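Each chain, letter by letter, is given below.
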Protein chains: 4
Amino acid sequence: MLIELRPGTPAEAAEEVAALAGAHEDVTAWPVSLAGRVFVVVSGDESLARVPASPAVLARRPTPDGHWLVRRENGVAPREVTIGSPAGSGREIGGGAVGGARLWWAAGPCALESAEDAVETALAVKAQGAHALRAGLSKTRSSPYNFPGKGARGLEALAEVRRAAAIPVITEVCDPREVEAVAEVADCLQVDGRQLDNRPLLAELGAQPRPVLLMRGPRASLDDWLRAAEFVLARGNAAVVLCAGASGTPPQPGFSAIAALRARTDLPVVFDPSHSTGSASLVAPASLAAAAYGADGLLIESCVKPERMYRPGDAAHMFPPESLADLVSACERARDSARSLAVSR
Amino acid sequence: MLIELRPGTPAEAAEEVAALAGAHEDVTAWPVSLAGRVFVVVSGDESLARVPASPAVLARRPTPDGHWLVRRENGVAPREVTIGSPAGSGREIGGGAVGGARLWWAAGPCALESAEDAVETALAVKAQGAHALRAGLSKTRSSPYNFPGKGARGLEALAEVRRAAAIPVITEVCDPREVEAVAEVADCLQVDGRQLDNRPLLAELGAQPRPVLLMRGPRASLDDWLRAAEFVLARGNAAVVLCAGASGTPPQPGFSAIAALRARTDLPVVFDPSHSTGSASLVAPASLAAAAYGADGLLIESCVKPERMYRPGDAAHMFPPESLADLVSACERARDSARSLAVSR
Amino acid sequence: MLIELRPGTPAEAAEEVAALAGAHEDVTAWPVSLAGRVFVVVSGDESLARVPASPAVLARRPTPDGHWLVRRENGVAPREVTIGSPAGSGREIGGGAVGGARLWWAAGPCALESAEDAVETALAVKAQGAHALRAGLSKTRSSPYNFPGKGARGLEALAEVRRAAAIPVITEVCDPREVEAVAEVADCLQVDGRQLDNRPLLAELGAQPRPVLLMRGPRASLDDWLRAAEFVLARGNAAVVLCAGASGTPPQPGFSAIAALRARTDLPVVFDPSHSTGSASLVAPASLAAAAYGADGLLIESCVKPERMYRPGDAAHMFPPESLADLVSACERARDSARSLAVSR
Amino acid sequence: MLIELRPGTPAEAAEEVAALAGAHEDVTAWPVSLAGRVFVVVSGDESLARVPASPAVLARRPTPDGHWLVRRENGVAPREVTIGSPAGSGREIGGGAVGGARLWWAAGPCALESAEDAVETALAVKAQGAHALRAGLSKTRSSPYNFPGKGARGLEALAEVRRAAAIPVITEVCDPREVEAVAEVADCLQVDGRQLDNRPLLAELGAQPRPVLLMRGPRASLDDWLRAAEFVLARGNAAVVLCAGASGTPPQPGFSAIAALRARTDLPVVFDPSHSTGSASLVAPASLAAAAYGADGLLIESCVKPERMYRPGDAAHMFPPESLADLVSACERARDSARSLAVSR
């Protein structure tokens, strides 16, 4: 349950309402400010949660589906999220559905390996117009024998790449204990789709100020995904970007989700044409398709020296950096075609 | 098992090999000519089937996966299939992957209702450049209470529409007893994806001369689908066009299948952006996506007076005829973009 | 839509109502008598179907879900179906949920191969207490190169087995053109789960007098399956037995369906522990599980000389005939345990 | 990759091999002792990992599937795991496949609510013969608005229940930061199936001494599940019990997994008949089925006062404590029947 307080309710009064709402030992409650509004999040079963009698209370917001803050009709989730400082290469994602804004896009290797190579890739994709570099410090690996990313050890290297190429960086995190340190370096924190049920991680991401890039779990429903986003918003961080990819059984690129999300949430939606297809040869068709379906952006696997990657298999995903600008232009044209052919029935 | 005979083997000799190969009471065998080559199809478990000692025998072709004729590497399946007489509006489908050919496309209502409306629709889509009209006589319905199509009763109406609009017609058939009569009127026979296991129907379709448009079953694997096509080729009809649509759990437009089929078969592949999305508002994005993925054609639900359809729900699928030419042009541009950005790794 | 007529409405009057209800050229309607009640089945979209003003009309029965006759609350579907003549080894299936009736069961090879072996198997399973022999004449095969069963050629052999062993026989049929001839020999006609959308086949099965054993499609929902049964009842044959097996993605034995069907239909439900598991070593656990979940019967792959089967792989499914009686007794105990532990909440 | 060292290799020498194997900055390696054998776990891509030249090295153990330690043929995973002190009510799970051991079972509410009620339930299920009480401190919740369990706040209550009822306790944990504290109180730590990709959590569980009860993820393959277990073993804790439940799309009780695991791993396998069915009325059939399929144990939702639970919906899952002993006896009979009917082909 959510309790919305009157606009302008001072922090102290909000804390007081939270204390009363969470009076039962198996209920916790805390205030959050989002989009200029003040809420008290009440975590506990409906039968125990109480709406205190307080003049600060504006309305009780029932949450039968487990998400309320993310939903379009409630006006809390932002239409645009900015990754990096707009003064630099940073740019807002989203908002384009109604205007004529250009596609946002980021590129880079899935995992940060050598810092030197990463700088080179960062410069190459920036030259093509990329708005951010993606380079993961942590990877959700299904086996203890695979490289899980540099983790906290790689923070310095990431900071160096960011500085040297002067481009915002996006990196994955999967341990709640590492969120704080990573947030000090990265411009955006990425969450693997297999961590949508990692509640402690999502709570930490909600309690720090960087935008969160939330991948869809390969088998997650749209509601599962939106509820994971709700965990982040419910801790006070509304800067969530949804990144669609493969979904369903067997997994295939889930373009339909892009259109389906539009009706449910204002949060920006980008698409990953690389992991969702598993092959560089399908990056162009998948990117065009995502753009036609209305994606606000693209997150593309690309690097300058794929032959130097730790796993030869990873190289097969890498789209050549020199074709990125052409790819994005073609995607913008496909998006414009789809818009001009839109049928409203 | 297949037995390939020497090129030029006379019919009588082929029949003789078939008689020997099918000598066991639980084996049947018959000759077919495809792509200038001669085969004997042997239907029966491997332990019973025999390759006769005959000078006509060129090679035994094992069929462990249940399909051989459809597979690209065996050179039997055609790269192009022609629907209707090329002298009229008819045109070949396929072959475009290597050249610069234009997209083939057909449009029309799922089921033929009023002949008068169908003529009007046929003229409207022909004016936009359609290469065929689709109007079903039979529908695979999941309930005995729904309109199953006019069936054989509608043949005259279909013939009239075809004549009046001078456009090739595609119609669905689901009863093996109706194939012969329908083939006398229609230019192409469509098979619903839920009939891929309807062996008697597929056998009849293989024994008549019209091209067959074989939809993908919503839960069929690519191999299931190709084996259904193999049933048609194995009876002597190589003019099969595969029509991709929704697939997977939950069902979503299966664009990946288009690319995946390219590596396996030369049979032309078209896409149905209407049933696979269930909404006219998604026809444009789905068509653009299919074209980017390399589809040879599109099969679009469209009609001039959707408000007169029997079921109001059906109207929601209908793309406006007047936008069809623009849609197809945009699709050709998306296809060209994807081709020019192709990465071979 | 269904129209229920007053009990005792004469055939002529029912035909008259049907003629009026199906007056539109795209509506067909016909009368059926089921469970002492008279209905007119109206096949055509709701917007076209008419309920005639006639004193014979008792009530309009809307069919929004595509099934009405099969549903428990409507009292048309029978609680018991009898396969074979009860004077012989034949016995009713079902009815046991409320009484203490013993399990019904049948066994035999999936496909009839040698008549001689089939007689031997029939005698062996009859000696163990089987109520019927299953031996298929037609198999739904996914490849044209596999043995599709003897088809109509095998009718004489089947008749001989039935006579020699004096046991009811169940056989599969998949071509609507063969239904009539098969119904003259077999005591029960089995339909493969991949034929649930084969409308012409189901209609023929509804128009003949033998019980129909309707397998669940591996990917069919309960509603898909019940709608297929509705096709049979809607043609006048209420003797439908549902046979559960594997379901879901990936396929696994669908025991839950047994319990779920109880709440929806009175039609008897049996289980196939052989095809649903693919291994003789899992037949005992799957049979026990099915019985615990409330199955009315079992359909078990078994034969006396598995090493003589056409495909060595088939032998791996065969449960030893000599253990069948013990298996069924154990299943009855498991069923009794489950009943005595039933919790109603 | 794993490196097996010679038996008896001293800790110092093992650390030395690990240091050499993990010399590359993107490789980590550490020694573990399991089942009297010594291994060095090497985490990092194959192209970077090195097997040092050392007399301590016995063999390189490739891990292409991501699991080696859990696999039956490698003899490391234990056949029996003991929860609680065998001197008390504690008992080993597993080992029964070859002997005549009785089923292990635990019962209790999913989440610990009131300590007083939990003591009462603990005494009730202990009187029926339960070997442990399950009472969760943390629940993996899909929404921030639902009760996530008492978390660390509830440790004292759990300790009290354990002491008062003198029964081993099993409790869920989902935050790596809480593992250490929970392991000081609980006899077994349960992991929700949606945490199989929560690498930091699994690593912490591998580094503490309590047995781990690892639920199957509803959409996890057997390999996904075994790889999660491998994470725990790879940190040195071999006491893993696998708990099967619902799986597949749509989810249904996954009994087949029990039999399938037997061929792959010696780790004990238990079944959860409550969450996998969602209804107390299906607990008996599901338990009987699981036992017939060879489960080593059962984990049953049960409590004395379901009407006092926070969520009325949870009460519908609770099996009545007074029928538990009868249920388990019936399950043992079903298991014995299945064993005596076992077919080995």
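Bear in mind that the values here come from a model prediction, so they are computed numbers and not experimental data.

A. Spatial organisation of the overall build of chain A. Looking only at helices and strands, chain A features 10 helices and 16 strands. By the compact-globule yardstick of 20 Å for 345 residues, chain A fits well, its C-alpha radius of gyration being 20 Å. Principal axes of the C-alpha set define a box for chain A whose edges measure 65 × 50 × 40 Å. Looking at chain A as a whole, 63% of its 345 residues qualify as buried. Long-range contacts, defined as pairs at least 24 residues apart, comprise 68% of the intrachain contacts of chain A with a sequence gap of at least 6. Carbon together with sulfur atoms contributes 51% to the accessible area of chain A, which is approximately 11700 Å² in total. The positive charge centre, built from 35 side chains, and the negative charge centre, built from 40, are 5 Å apart in chain A.

B. Fine view of the sheet that holds strand β15 (residues 269-271) of chain D. Residue and element names in this part refer to chain D. Spatially, eight strands are ordered β7-β8-β9-β10-β11-β12-β15-β16 in a closed barrel, and the strand pairing comes out parallel. Between one strand and the next, the sheet's axes are offset by a mean angle of 25 degrees, whatever the strand orientation. Bridge analysis of strand β9 (residues 169-172) against strand β10 (residues 188-191) gives three bridges, and the strand direction is parallel. In the sheet register, E172 faces β10, and the bridge partner there is Q190.

C. Structural view of the packing of helix α8 (residues 283-292) of chain C against helix α8 (residues 283-292) of chain D. Closest axis-to-axis distance for the α8(C)/α8(D) pair is 8 Å, and the angle between their directions is 170 degrees. Overall, the two elements α8(C) and α8(D) adopt an arrangement that is roughly antiparallel. Seen from α8(C), the contacting residues are C:P285, C:L288, C:A289 and C:A292; seen from α8(D), they are D:P285, D:L288, D:A289 and D:A292.

D. Quick peek at the interface of chain B and chain C. On the side of chain C, 50 residues touch chain B, which itself brings 50 residues to the contact. Around 4300 Å² of area is buried between chain B and chain C when both sides are counted, 47% of it from carbon and sulfur atoms. Put simply, chain B and chain C have 12 salt bridges between them. Where chain B touches chain C, the interface holds 23 residue pairs in polar contact (both at pLDDT 80 or more). No other element matches helix α6 (residues 222-233) of chain B, which puts four residues into the side of chain B that touches chain C.

E. The environment of D:M1, seen in detail. Topologically, D:M1 is positioned in the segment before β1 (2-5). Here D:M1 falls in the buried class, since its relative accessible area comes to 2%. With 45 residues separating them in the primary sequence, D:M1 and D:E46 have C-alpha atoms 7.2 Å apart. Not counting residues up to four positions away in its chain, the partners in contact with D:M1 are A:Y145, D:V40, D:V41, D:V42, D:E46, D:A49, D:R50, D:V51, D:R60, D:R61 and D:T63.

F. A look at the sheet that holds strand β3 (residues 37-43) of chain B. All names here are of chain B. Taken together, the four strands give an open sheet; going across it, the order is β2-β3-β1-β4, and neighbouring strands pair in antiparallel fashion. Of all the strands in the sheet, the pair left with one neighbour each is β2 (28-34) and β4 (57-61). Within this sheet the neighbouring strands show an average axis-to-axis angle of 25 degrees, counted without direction. Relative to β4, strand β1 (residues 2-5) runs antiparallel, the two being bridged by four bridges. Bridge pairing links L2 to R61 in β4. Across the sheet, helix α1 (residues 11-21) is in contact with β1, β2, β3 and β4; its angle to β2 comes to roughly 150 degrees.

G. Looking closely at the pairing of strand β9 (residues 169-172) of chain B. All names here are of chain B. Every second residue of β9 is oriented toward a common face, with V169 and T171 on one face and I170 and E172 on the other, all of them buried. Note: strand β8 (residues 132-134) against β9, two bridges, orientation parallel. When the bridges of β9 are listed, L133 appears paired with V169. Read from β8 through helix α3 (residues 155-165) to β9, the crossover connection turns out right-handed. Note on the crossover from β9 through helix α4 (residues 179-185) to strand β10 (residues 188-191): the handedness is right-handed.

H. Layout of the relation of the copies chain B and chain C. At an RMSD of 0.0 Å, chain B and chain C line up after a rotation of 180 degrees and a shift of 0.0 Å along the axis. Here the copies are linked by what is in effect a two-fold axis.

I. Geometry of unusual backbone geometry. Residue C:P250 is reached from C:T249 by a cis peptide bond, and omega for that bond is -10 degrees. Mapped onto the elements, C:P250 comes out in the loop between β13 (246-247) and β14 (252-253). With a phi angle near 50 degrees, A:A35 is a residue other than glycine that sits in the positive phi range. At C:A166, a position not held by glycine, the phi torsion is positive, near 50 degrees. Tracing the backbone through its elements, the reader meets C:A166 in the loop between α3 (155-165) and β9 (169-172).

J. Expanded view of the packing of aromatic side chains. Here the structure, examined in full by the defined rule, presents 22 aromatic pairs over all chains. Seen from their ring centres, A:Y293 and B:F255 are 6.4 Å apart, and the 65 degrees between their planes marks the pair as edge-to-face. Here A:Y293 is found in the loop between α8 (283-292) and β16 (297-301), whereas its partner B:F255 is found in the loop between β14 (252-253) and α7 (256-262) on a different chain. On the basis of relative accessible area, B:F255 is assigned to the buried category, the value being 2%. Judged by centre distance (5.8 Å) and plane angle (65 degrees), the ring pair of C:F39 and C:W68 falls under edge-to-face. Of this pair, C:F39 sits in strand β3 (residues 37-43) while C:W68 sits in the loop between β4 (57-61) and β5 (80-83), and the two are 29 residues apart along the sequence. Here the aromatic cluster, defined as three or more aromatic residues joined through ring pairs, consists of A:F255, A:F271, A:Y293, B:F255, B:F271 and B:Y293.

K. Up close: the environment of A:E92. All names here are of chain A. Looking at where E92 falls in the secondary structure, it is placed in strand β6 (residues 91-94). Note: C-alpha distance between E92 and H131 (39 residues apart in sequence) is 9.1 Å. Every residue in contact with E92, bar those within four places of it in the chain, is listed here: E80, V81, T82 and W104.

L. Focus on the packing of α8(A) against helix α10 (residues 324-340) of chain A. Residue and element names in this part refer to chain A. One way to put it is that α8 packs onto α10 with a least axis distance of 7 Å and a crossing angle of 35 degrees. Crossing of α8 against α10: the hand is right-handed. The segment α8 lies against α10, with V283, A284, S287, L288, A291 and A292 engaging L327, A330, C331, A334, R335 and A338. Its residues assigned to classes, the contact of α8 with α10 shows 10 nonpolar, one polar and one charged.

M. Geometry of helix α5 (residues 199-206) of chain D. Residues and elements named next belong to chain D. The buried fraction of α5 amounts to six of the eight residues, a majority that puts the element mostly inside the structure. Regarding α5, the residues found buried are R199, P200, L201, L202, L205 and G206. As for α5, its buried residues are in contact with α4 (179-185), β10, β11 (212-215) and α6 (222-233).

N. Here's a closer look at the pattern of salt bridges. Under the definition given, this model contains 100 salt bridges over all chains. As a salt-bridge pair, A:D296 and A:R262 come within 3.0 Å of each other at their nearest N and O atoms. Placement of A:D296 in the loop between α8 and β16 and of A:R262 in helix α7 (residues 256-262) is noted, with a sequence separation of 34 residues between them. The closest approach of N and O atoms between C:D175 and C:R177, which form a salt bridge, is 2.9 Å. Of the residues examined, C:R177 reaches a relative accessible area of 38% and is grouped as partly exposed. Via salt bridges that share partners, A:E25, A:D26, D:K150 and D:R153 belong to a single interconnected network.

Definitions and cut-offs
Residues numbered from 1 in each chain as written. Chains lettered and ligands numbered in written order. Predicted model: local features only at pLDDT ≥ 70, side-chain atom pairs only at ≥ 80, totals over all residues. Heavy atoms only, no water. Helix = DSSP H or I, 4+ residues; strand = E, 2+ residues; numbered from the N terminus. Rg over C-alpha atoms; globule rule 2.2 N^0.38 Å. Buried < 20%, exposed > 50% of the residue type's maximum accessible area, 1.4 Å probe, protein only. Contact = heavy atoms within 4.5 Å. Areas by Shrake-Rupley, 256 points an atom, 1.4 Å probe, with all protein chains shown as cover. Lys, Arg positive; Asp, Glu negative; His and termini not counted. Charge placed at Lys NZ, Arg CZ, Asp CG, Glu CD. Pairing = 2+ DSSP bridges. Axes fitted to C-alpha atoms, helices over the stretch in contact; angles between N-to-C directions. Parallel < 35°, antiparallel > 145°, perpendicular 65-115°, else oblique. Buried area = accessible area lost by both parts, 1.4 Å probe. Salt bridge = Lys/Arg side-chain N within 4 Å of Asp/Glu carboxyl O. Polar contact = N/O pair within 3.5 Å; in protein donor to acceptor, adjacent residues only side chain to side chain. Right-handed = clockwise from strand over helix to strand, strands pointing away. Least-squares fit on C-alpha atoms with pLDDT ≥ 70 in both. Phe/Tyr/Trp six-rings, centres within 6.5 Å; stacked < 30°, edge-to-face > 60°. Left-handed = near helix turned anticlockwise from the far one by under 90°. Nonpolar A, V, L, I, M, F, W, Y, C, P; charged D, E, K, R; others polar.

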